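Each chain, written out:
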Amino acid sequence: MTATTDPVIRLEGLRKSFGSLEVLKGIDLELHRGEVLSVIGPSGSGKSTLIRCLNLMEEPTAGTFAFQGRPVSLKFRAKAPAIGAGELRRRVGMVFQHFNLFPHLSVLENITKGPRIVLGESREDAEAHAMQLLSEVGLADKAAAYPAHLSGGQKQRVAIARALALRPEVMLFDEPTSALDPELVGEVLAVVRRLAQDGMTMVLVTHEMGFAADVASRVIFMENGAIAEQGSPEEILRAPKSERLKGFLSRFH
Ligand code: ADP
Ligand code: MG
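The following paragraphs examine the structure supplied in this document. (Residues numbered from 1 in each chain as written. Chains lettered and ligands numbered in written order. Predicted model: local features only at pLDDT ≥ 70, side-chain atom pairs only at ≥ 80, totals over all residues. Heavy atoms only, no water.)

## Examining the side chain of Ser-73
- Locating Ser-73 in the fold gives a position in the loop between strand S5 (70-71) and helix H2 (85-91).
- Look at Ser-73 and you get buried, because its relative accessible area is 16%.
- Among the polar contacts made by the side chain of Ser-73, one reaches the main-chain amide nitrogen of Lys-75 at a distance of 3.0 Å.
- In contact with Ser-73, other than residues within four places in its own chain, are Leu-56, Ala-78, Ala-82, Ile-83, Gly-84 and Ala-85. (Helix = DSSP H or I, 4+ residues; strand = E, 2+ residues; numbered from the N terminus. Buried < 20%, exposed > 50% of the residue type's maximum accessible area, 1.4 Å probe, protein only. Polar contact = N/O pair within 3.5 Å; in protein donor to acceptor, adjacent residues only side chain to side chain. Contact = heavy atoms within 4.5 Å.)

## Re helix H3 (residues 107-118)
- Within H3, the full set of buried residues consists of Val-107, Leu-108, Asn-110, Ile-111, Thr-112 and Pro-115.
- Two residues or fewer past H3, Gly-120 is found with a positive phi of approximately 70°.

## Comments concerning the sheet that holds strand S2 (residues 21-31)
- The sheet built from four strands is open, its strands ordered S2-S1-S4-S5 with antiparallel pairing. Each edge of the open sheet carries a strand with a single partner, namely S2 and S5.
- Bridging between strand S4 (residues 62-67) and S5 involves two bridges; their strand directions are antiparallel. Bridge pairing links Ala-66 to Pro-71 in S5.
- Most of the contacts of helix H1 (residues 47-54) go to strand S1 (residues 9-18), to which it runs at about 120°, and overall it touches S1, S2 and S4. (Pairing = 2+ DSSP bridges. Axes fitted to C-alpha atoms, helices over the stretch in contact; angles between N-to-C directions.)

## With respect to the sheet that holds strand S6 (residues 92-95)
- Reading across the sheet, the six strands line up as S6-S7-S8-S3-S9-S10 and stay open at both edges, with mixed pairing between neighbours. Each end of this open sheet is capped by a strand with a single partner; those strands are S6 and strand S10 (226-231). Sheet twist, expressed as the average angle between the axes of neighbouring strands with direction ignored, equals 20°.
- Relative to strand S7 (residues 170-174), S6 runs parallel, the two sharing four bridges. Each bridged residue has a counterpart across the sheet, and for Met-94 the counterpart in S7 is Leu-172.
- On the sheet, H1 packs against strand S3 (36-40), S6, S7, strand S8 (201-205) and strand S9 (218-223) and is oriented at approximately 155° with respect to S7.

## Remarks on unusual backbone geometry
- The peptide bond linking Ala-80 to Pro-81 adopts the cis configuration, its omega dihedral lying at 10°.
- Counting through the fold element by element, Pro-81 comes out in the loop between S5 and H2.
- The backbone phi angle of Phe-99 is positive, close to 65°, even though this residue is not glycine.
- With a relative accessible area of 12%, Phe-99 lands in the buried category.

## Observations regarding the packing of aromatic side chains
- Considering all chains together, one arrives at two aromatic pairs under this definition.
- The interplanar angle of 65° and the centroid separation of 5.1 Å between the aromatic rings of Phe-248 and Phe-252 together place this pair among those described as edge-to-face.
- Note on Phe-248: relative accessible area 3%, which makes it buried.
- Linked through ring pairs, Phe-221, Phe-248 and Phe-252 together constitute an aromatic cluster.
- Above the face of the Phe-102 ring, Arg-162 is positioned so that its terminal group lies 5.1 Å from the ring centre. (Phe/Tyr/Trp six-rings, centres within 6.5 Å; stacked < 30°, edge-to-face > 60°. Lys NZ or Arg CZ within 6 Å of the ring centre and 35° of its normal.)

## Details of the layout of surface pockets
- Roughly 410 Å³ of internal volume is contained in the largest pocket.
- The wall of the largest pocket is formed by 21 residues, among which Met-94, Gly-114, Arg-162, Ala-163 and Leu-166 lie closest to the centre.
- With seven residues, the single largest contributor to the lining of the largest pocket is H3.
- In terms of residue class, the lining of the largest pocket is built from twelve nonpolar, five polar and four charged.
- Approximately 180 Å³ is the volume attributed to the second largest pocket.
- The wall of the second largest pocket is formed by His-129, Gln-132, Leu-133, Glu-136, Leu-164, Arg-167, Pro-168, Arg-194, Leu-195, Asp-198, Gly-199 and Met-200.
- Sorting the residues of the lining of the second largest pocket by element identifies helix H4 (123-136) and helix H6 (182-197) as the ones contributing at least two each.
- Among the elements that make up the lining of the second largest pocket, the one with the highest residue count is H4 (four residues). (1 Å grid on protein atoms, 1.4 Å probe; cavity = no way out; pocket = protein on both sides within 12 Å on 5 of 7 lines; lining within 4 Å. Points joined across faces, edges and corners; volume = space filled by probe spheres on them. Nonpolar A, V, L, I, M, F, W, Y, C, P; charged D, E, K, R; others polar.)

Any functional reading would require information that these geometric values do not contain.
Rendered as structure tokens:
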């Protein structure tokens, strides 16, 4: 069991129910270092629930979940070799559809808060890293601004910088551009694309099929709480097998 060959994330038979509603019905999934996995599927198919399980924002109700070969525990802290929810959330970053920035904090404070509290970084180190991340997302000049004064695309780029500030090993994106005006989508996708090129391991729920085809190493099509079809972007997006996937994709042409 070595860290280099274990998948970063491995799910076996993962299930999630909300009361009597079973939303994930046995998901098997391996995510390897440097892979970009795109998750597509109709609304309500369980895409968000699946990626929220990957950093335990939702607790799976059954199945196994391993992170770099270590069993994931639902407890905040766990005894080695298990990994607890606290450590998992630090190592698996998340970007949401609606940005979720802290409105009362400046851009710089939004980014430095996590590293200062969670990683115990000094203000100086956290600010230097935040400024580096802000220049990488093209927003160095917005450090002192408040979220209310930013466009949606700028807010989402700050949210990405904030997630990266915790130096995650995996980044999760849940429809990061679907709340944006069309003219702002490109600037956010450019940042996601750069991360992919830099080798970040990512899971991306998206309706941007062209973008998924471009950046993904693998695409999974979810339907009704299960993985209905998976393969390379070519196989899934250009040569879909099932009628359901064909029907789903036809809505995007
Ligand atoms: P998707 O992201 O593919 O649109 P979701 O994972 O958000 O799908 O939702 C899958 C199903 O789970 C939907 O039927 C949704 O209503 C239900 N669901 C999601 N979150 C909750 C929750 N917190 N409580 C109850 N039902 C939920
Ligand atoms: Mg969703």
